[in-house]
Amino acid sequence: MNIYLIRHGRQNSRLCNVDVELSKEGREQADLLGKRLEKYDIEAVYSSQLIRAKETADIINTHLNKPRIIDERWQEANFGGMTGLSNEEMKEKYGDYLEKRAKMIEDIPYPDGGENCRMVFERSFEALKNLTKEPYKNVCVVTHGGVLRALITGIIGADYKNWLTIGRQIENCSISHILYDEKSLDIIFSEIWKLYRGKTLEVMKYHYKDYAAWQHDWLKGKQAQQMKRVGLRKIE
């Protein structure tokens, strides 16, 4: 399954996480993206319930005419007391919090009832897992920058406290492509984690799916089971 995660178009406000419509530029971005996605054989268009995501998805779907599904688990992180504030107001009211967050010592939630990375990851990853059970081959989801950062952080096994370093500039209407293949998923995530840590990947002789299929069958074979039994005896 190809899952295309899309950040909504540019919104009509610079205040923190206000639920507003797209700007003129945002609508143009969504329209251009819809034209691009005509070639992707999209079978369903998901989005969060927030206006900027819904509007982006609806504009995209004028080009696709596919089922539209709203799922609140794809909504932006809850910014707590920072919601609706300007950058200057946030610095004035929550300066201590911002300084503590910048040190990345722990995965602290946004102040006054907001979420942290773990919370955002858990709800959005649940939505992602549910999506992989659907009979689609190609699907797009219009979501938000915080959700994309949290998902990537959790999927690659990075520390939640570092989530704001992931995708520092996620552009409006950009596409993050997840290729879901049950057999090769562990391999893909392992290699993403290596890249995140700055390691060089070895050139593989096989494509993920081919290699994963071979690995999947080999692990069920007699030799692998015998090696497992020997290993367990040594541990005991």
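Q: Talk me through the sheet that holds strand E4 (residues 138-143); I want residue IDs and the actual numbers.
A: In spatial order, the strands read E3-E2-E4-E1-E5; together these five strands make up an open sheet with mixed pairing. Edge strands, defined here as strands with exactly one partner in the open sheet, are strand E3 (68-70) and strand E5 (175-179). Averaged over all pairs of adjacent strands, the angle between their axes in this sheet comes to 20°, without regard to strand direction. Pairing of strand E1 (residues 2-7) with E4, which is carried by six bridges, proceeds in the parallel orientation.

Q: Could you give an account of empty space enclosed by the protein, with specific residues and numbers?
A: Counted according to the given criterion, the structure contains one cavity of 30 Å³ or more. The volume enclosed by the largest cavity comes to roughly 80 Å³. Lining the largest cavity, in full, are Tyr97, Arg101, Met104, Glu106, Asp107, Ile108, Tyr110, Tyr160, Lys161, Trp163 and Leu164.

Q: Can you break down the pattern of salt bridges residue by residue, with the values?
A: According to the stated counting rule, one finds eight salt bridges in the structure shown. For Asp31, the salt bridge goes to Lys35, with nearest N and O atoms at 3.6 Å. Of this pair, Asp31 and Lys35 both sit in helix H1 (residues 24-37), four residues apart, which is roughly one turn of the helix. According to the relative accessible area criterion, Lys35 is partly exposed, its value standing at 44%. The partner of Glu106 in a salt bridge is Lys100, and the shortest N-O contact between them spans 3.5 Å.

Q: Give a detailed account of the packing of H1 against helix H2 (residues 51-64), specifying residues and quantitative values.
A: Packed helices, taken two at a time, are described by their axes: the angle between them and the distance between them. Closest axis-to-axis distance for the H1/H2 pair is 8 Å, and the angle between their directions is 40°. Crossing handedness for the pair H1 and H2: right-handed. Between H1, through Arg27, Ala30, Asp31, Leu33, Gly34, Lys35 and Leu37, and H2, the contact on the second element is made entirely by Glu55, Thr56, Ile59, Ile60, His63 and Leu64. Of the residues belonging to the contact of H1 with H2, the class tally is six nonpolar, three polar and four charged.

Q: Please set out the environment of Gly146 residue by residue, giving values where relevant.
A: If you trace the backbone, Gly146 turns up in helix H5 (residues 145-155). A C-alpha to C-alpha distance of 7.9 Å links Gly146 and Val120, two positions 26 residues apart in sequence. If we skip the residues at most four places from it in the chain, Gly146 touches Glu76, Val120 and Trp163.

Q: Kindly report on unusual backbone geometry, identifying the contributing residues and their values.
A: Unusually for a residue other than glycine, Asp41 sits at a positive phi of about 55°. According to the relative accessible area criterion, Asp41 is exposed, its value standing at 55%.

Parameters at a glance
Residues numbered from 1 in each chain as written. Predicted model: local features only at pLDDT ≥ 70, side-chain atom pairs only at ≥ 80, totals over all residues. Heavy atoms only, no water. Pairing = 2+ DSSP bridges. Helix = DSSP H or I, 4+ residues; strand = E, 2+ residues; numbered from the N terminus. Axes fitted to C-alpha atoms, helices over the stretch in contact; angles between N-to-C directions. 1 Å grid on protein atoms, 1.4 Å probe; cavity = no way out; pocket = protein on both sides within 12 Å on 5 of 7 lines; lining within 4 Å. Points joined across faces, edges and corners; volume = space filled by probe spheres on them. Salt bridge = Lys/Arg side-chain N within 4 Å of Asp/Glu carboxyl O. Buried < 20%, exposed > 50% of the residue type's maximum accessible area, 1.4 Å probe, protein only. Left-handed = near helix turned anticlockwise from the far one by under 90°. Contact = heavy atoms within 4.5 Å. Nonpolar A, V, L, I, M, F, W, Y, C, P; charged D, E, K, R; others polar.

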